[in-house]
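If you want the building blocks of each chain, they are given just below.
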Amino acid sequence: MEERLQKFMARAGVGSRRHCEELIKEGRVKVNGKIVTELGTKIDLSKDTVEVDDKPLRPREERLYIALNKPAGFITSVTDKYGRPTVIDLLGGVSYRVFPVGRLDFDTEGLLLLTNDGELAFRLTHPRYKVKKEYIAEVEGHPSDRELVNLRKGIMLEDGMTAPAKIKVLRQTRSSAVIDVTIHEERKRQVRRMFQAIGYRVITLKRVAIDGLDLEDLPVGNFRHLTNKEVDMLYKSVRLR
Ligand code: URA
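On a predicted model such as this, the values are computed, not experimentally measured, just so you know.

A. Representation of the environment of I66. For I66, the location among the structural elements is in strand β7 (residues 65–70). Each C-alpha atom of the pair I66 and M233 lies 14 Å from the other, and the pair is 167 residues apart in sequence. If we ignore the near neighbours within four places in the chain, the residues touching I66 are L91, V94, L112, L113, L114, F223, R224 and H225.

Now the structure itself:
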């Protein structure tokens, strides 16, 4: 990511942009060790170093909020000891470090948020804040209404009862059913384990929404930055100011 030198300096707390422009014109600013006096100079945030009066600048980290449409076959992690592709590999051009909010399984697709805002990330995944996560699951076979009621009410898994869930059958094919599942917990492989508990295997799983955010038409493998309005909405949902 590139940024104009005076904007970067202002963000790093040197002073107003006007003041930063004066410093540049006076020859007091170096980029990668060389004095720069050109006001339009752009710097690459991932690698350039900036000094003012020979003191290096460390800008406050910008907060980033990213929505990714994760493909299956990527792990939700920043690094992987087995060298498998991670969701971070899909964020070409993002120069600040971000980390995934919660996780989607290797074989799950769909909406994944990534940010460097630790408090928001913590609250979005904490059951206390009851943030809704909506999934579309295709399961092998046709679960009956009676079986689905058990998922709606809560079902015993090896790590305890699940909270009530919203479950709606969207359509059925000859051998499978496509089911919309909304939960607000975030346990490991929860949706897959819920269906397993009533005797059904999940064939594909996709997360389509988190709180009021949905995937809309974001293509699989692509990402976008959230708008300020969307970030405000998430903040309100988890009672952050
Ligand atoms: N539930 C699952 O089973 N897997 C996911 O990736 C997310 C929710």
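Back to the write-up after that little detour.
B. Seen up close, the sheet that holds strand β2 (residues 29–31). Spatially, the four strands line up as an open sheet ordered β3-β2-β5-β6, and their pairing is antiparallel. The outermost strands of the open sheet, each flanked by one partner alone, are β3 (34–35) and β6 (55–56). Where β2 meets β3, two bridges bridge the pair, whose relative direction is antiparallel. Looking at the pairing, V31 lines up with K34 of β3.

C. Spotlight on the site of the ligand. Around the ligand, the structure places L104, D105, T108, Y135, R189, Q190, V191, R192 and L205. V191 is positioned with one of its backbone polar atoms (N or O) 3.1 Å from a nitrogen atom of the ligand. With the chains in place, 96% of the 240 Å² that the ligand exposes on its own is no longer accessible. Of all the elements, helix α5 (residues 190–197) adds the most residues to the shell around the ligand, at three residues. The class makeup of the residues in the shell around the ligand is four nonpolar, two polar and three charged. Both domains that meet at the shell around the ligand, namely domain 2 (62–130 + 216–241) and domain 3 (132–210), each give it at least three residues.

Definitions and cut-offs
Within any chain, residue numbers begin from 1 and follow the written order of that chain's sequence. Only residues with pLDDT of 70 or above have their local features reported here, since the model is predicted, and side-chain atom pairs are shown and tallied only from 80 upward, although totals for entire chains, interfaces and linings are computed over all residues. Processing note: side-chain calculations cover all non-hydrogen atoms of the structure and skip hydrogens and water entirely. Where helices and strands are cited, they refer to DSSP runs of H or I of at least four residues and of E of at least two residues respectively, numbered from the N terminus. Only heavy atoms enter the contact rule, under which two residues are in contact if any of them lie within 4.5 Å. A pair of strands counts as paired when DSSP detects no fewer than two bridges linking them. Any residue with a non-hydrogen atom lying within 4 Å of a molecule or strand is treated as near it. Identification of polar contacts relies on pairs of N or O atoms within 3.5 Å, with a donor-acceptor requirement for protein atoms, meaning one able to donate a hydrogen and the other able to accept it, and with residues adjacent in sequence counted only if both atoms are side-chain atoms. In short, Shrake-Rupley with a 1.4 Å probe defines the accessible areas, and a residue's cover is counted only from the protein chains shown. Three residue categories are used. Nonpolar comprises Ala, Val, Leu, Ile, Met, Phe, Trp, Tyr, Cys and Pro, charged comprises Asp, Glu, Lys and Arg, and polar comprises the others, including Gly. Domain extents, as shown, originate in an automatic or database domain assignment.

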